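Structural description and commentary
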Amino acid sequence: MNNVGLMKYEIKRIVGSKKYLYVLLLIAATTYDSLTRLVINGYLGTAPFSQWTYAFFISMISPVLMASMIFIVSDIFNEKEIRVRSIIYSSPISQIQYYMLKSSSVFVIFILTSLVPIFMSFIYYKAIFGYSEFGSFIKFIIVFLLPTFIFLLGLSMILGKINGKLIYVLIPITFLMGMLNFDNIIPIWADIFGNNFLSTYSYMMLLGRKTEAVAFKFPSSFIFTRLELIILGIIFLVYTFIKTEKK
């Protein structure tokens, strides 16, 4: 079986597991709650379908989504997987190929899982507000979700290779960092989810505004921090791929 076939098998294995079903149910429930309890009222006086409110929605579902993906990653470093890893290495698959396969599979799972809250929000906007101009939301999905995931994927992989139990410590820390608002306590480069940026930037732009509509423009400093997260996550992944494992 070639690498593409192995990745398809890995994705089907994850998607078909009970663990992933529970993940989907949790994310769907969180999305429904966010839409019906928070988004429907708009964010800081903006319309429910404004870019500001959608950015707020993405920041609300991101912690659950990211913690769930780290939970999926934990399977790569559980005792059962460790036992079969030596057998896998005896095949033509090298260590680098093995971890690339696992990481790529989790990345595809992340894309598929992200579509659940995204499509739910689109359906909600269309059904409740008759709104369908979803193209303006794409930049928020990419800027807020992708850098965070790549960084946390790399971090969880490197922690798992050190000690699989560290991943379970990372899960609640990740969730709390995404849910809590530290305002100006943490620097922008450490704002992994961008939730603190969104809070500070929103209050600065929306409170006391003189016009009804205010455009949402990402400051260049924030974009740079998102790129830094991507680069750092890739470095973590590469290190995981090439670090020799103990026999």
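Conventions we followed
Residues numbered from 1 in each chain as written. Predicted model: local features only at pLDDT ≥ 70, side-chain atom pairs only at ≥ 80, totals over all residues. Heavy atoms only, no water. Helix = DSSP H or I, 4+ residues; strand = E, 2+ residues; numbered from the N terminus. Buried < 20%, exposed > 50% of the residue type's maximum accessible area, 1.4 Å probe, protein only. Polar contact = N/O pair within 3.5 Å; in protein donor to acceptor, adjacent residues only side chain to side chain. Core = buried A, V, L, I, M, F, W, Y, C linked by side-chain atoms within 4.5 Å. Contact = heavy atoms within 4.5 Å. Arc of directions from axis to C-beta. Axes fitted to C-alpha atoms, helices over the stretch in contact; angles between N-to-C directions. Parallel < 35°, antiparallel > 145°, perpendicular 65-115°, else oblique. Left-handed = near helix turned anticlockwise from the far one by under 90°. Patch = residues over 30% accessible without salt bridge, like charges linked within 9 Å, V, L, I, M, F, W, Y side chains within 5 Å. Areas by Shrake-Rupley, 256 points an atom, 1.4 Å probe, with all protein chains shown as cover. Salt bridge = Lys/Arg side-chain N within 4 Å of Asp/Glu carboxyl O. Phe/Tyr/Trp six-rings, centres within 6.5 Å; stacked < 30°, edge-to-face > 60°. Lys NZ or Arg CZ within 6 Å of the ring centre and 35° of its normal.

What follows is about the environment of Ser-17. Here Ser-17 shows up in the loop between helix 1 (3-15) and helix 2 (18-38). The exposure class assigned to Ser-17 is partly exposed, which follows from its relative accessible area of 25%. Remark: the alpha-carbon pair of Ser-17 and Ile-142, spanning 125 residues in sequence, is separated by 27 Å. A polar side-chain atom of Ser-17 sits 3.3 Å from the main-chain amide nitrogen of Tyr-20.

This part covers the nonpolar core. By size, the foremost hydrophobic cluster in this structure holds 71 residues, and its most contacted members are Tyr-54 and Phe-216. Going through the elements one at a time, helix 1, helix 2, helix 3 (51-73), helix 5 (95-129), helix 6 (138-162), helix 7 (165-179), helix 8 (195-206) and helix 9 (220-242) are the ones with two or more residues in this core. At 16 residues, the largest contribution of residues to this core is made by helix 3. Discounting residues that sit within four places of it in the chain, Tyr-54 has contacts with Ile-118, Ser-121, Phe-122, Tyr-125, Phe-137 and Ile-141.

Among the residues making up helix 7, those that are buried are Ile-167, Leu-170, Ile-171, Thr-174 and Gly-178. For helix 7, the angular spread of the buried residues around the axis is 115 degrees, confining them to a single face. Elements that come into contact with the buried residues of helix 7 comprise helix 3, helix 6 and helix 8.

Next up on the list: the packing of helix 3 against helix 6. Two elements in contact, helix 3 and helix 6, have axes separated by 9 Å at closest approach and are oriented at 20 degrees. Considering their axes alone, helix 3 and helix 6 lie roughly parallel with respect to each other. For the pair helix 3 and helix 6, the crossing hand works out as right-handed. In this structure, helix 3 uses Gln-51, Tyr-54, Ala-55, Ile-58, Ser-62, Leu-65, Met-66, Met-69, Ile-70 and Val-73 to contact helix 6, whose residues at the interface are Lys-139, Phe-140, Ile-141, Phe-144, Leu-145, Thr-148, Phe-149, Leu-152, Leu-153, Ser-156 and Met-157.

On to a nonpolar patch on the surface. On the surface, a cluster of nonpolar side chains totalling about 580 Å² of accessible area is made up of Val-15, Phe-107, Ile-111, Leu-112, Leu-115, Phe-119 and Ile-123. Here the nonpolar patch gets 6 residues from one element, more than from any other, and that element is helix 5. Mapped onto the fold, Leu-115 is located in helix 5.

Right, let's get into the packing of aromatic side chains. With the rule as written, the count across this model stands at 32 aromatic pairs. Relative to Tyr-99, the ring of Phe-77 lies with its centre 6.2 Å away and its plane at 20 degrees, an arrangement referred to as stacked. Of the two residues, Phe-77 sits in the loop between helix 3 and helix 4 (79-89) while Tyr-99 sits in helix 5, which places them 22 residues apart along the sequence. Here the two residues Phe-77 and Tyr-99 agree in accessibility, since each one is buried. On the numbers, 5.7 Å between centres and 40 degrees between planes, the contact of Tyr-125 with Phe-137 is tilted. Linking Tyr-125 in helix 5 with Phe-137 in the loop between helix 5 and helix 6, this pair joins segments that are 12 residues apart in sequence. Given a relative accessible area of 0%, Phe-137 falls into the buried group. These aromatic residues form a ring-pair network of at least three members: Phe-49, Tyr-54, Phe-57, Phe-122, Tyr-124, Tyr-125, Phe-129, Tyr-131, Phe-134 and Phe-137. The side chain of Lys-19 reaches across the aromatic face of Phe-71, ending 4.3 Å from its centre.

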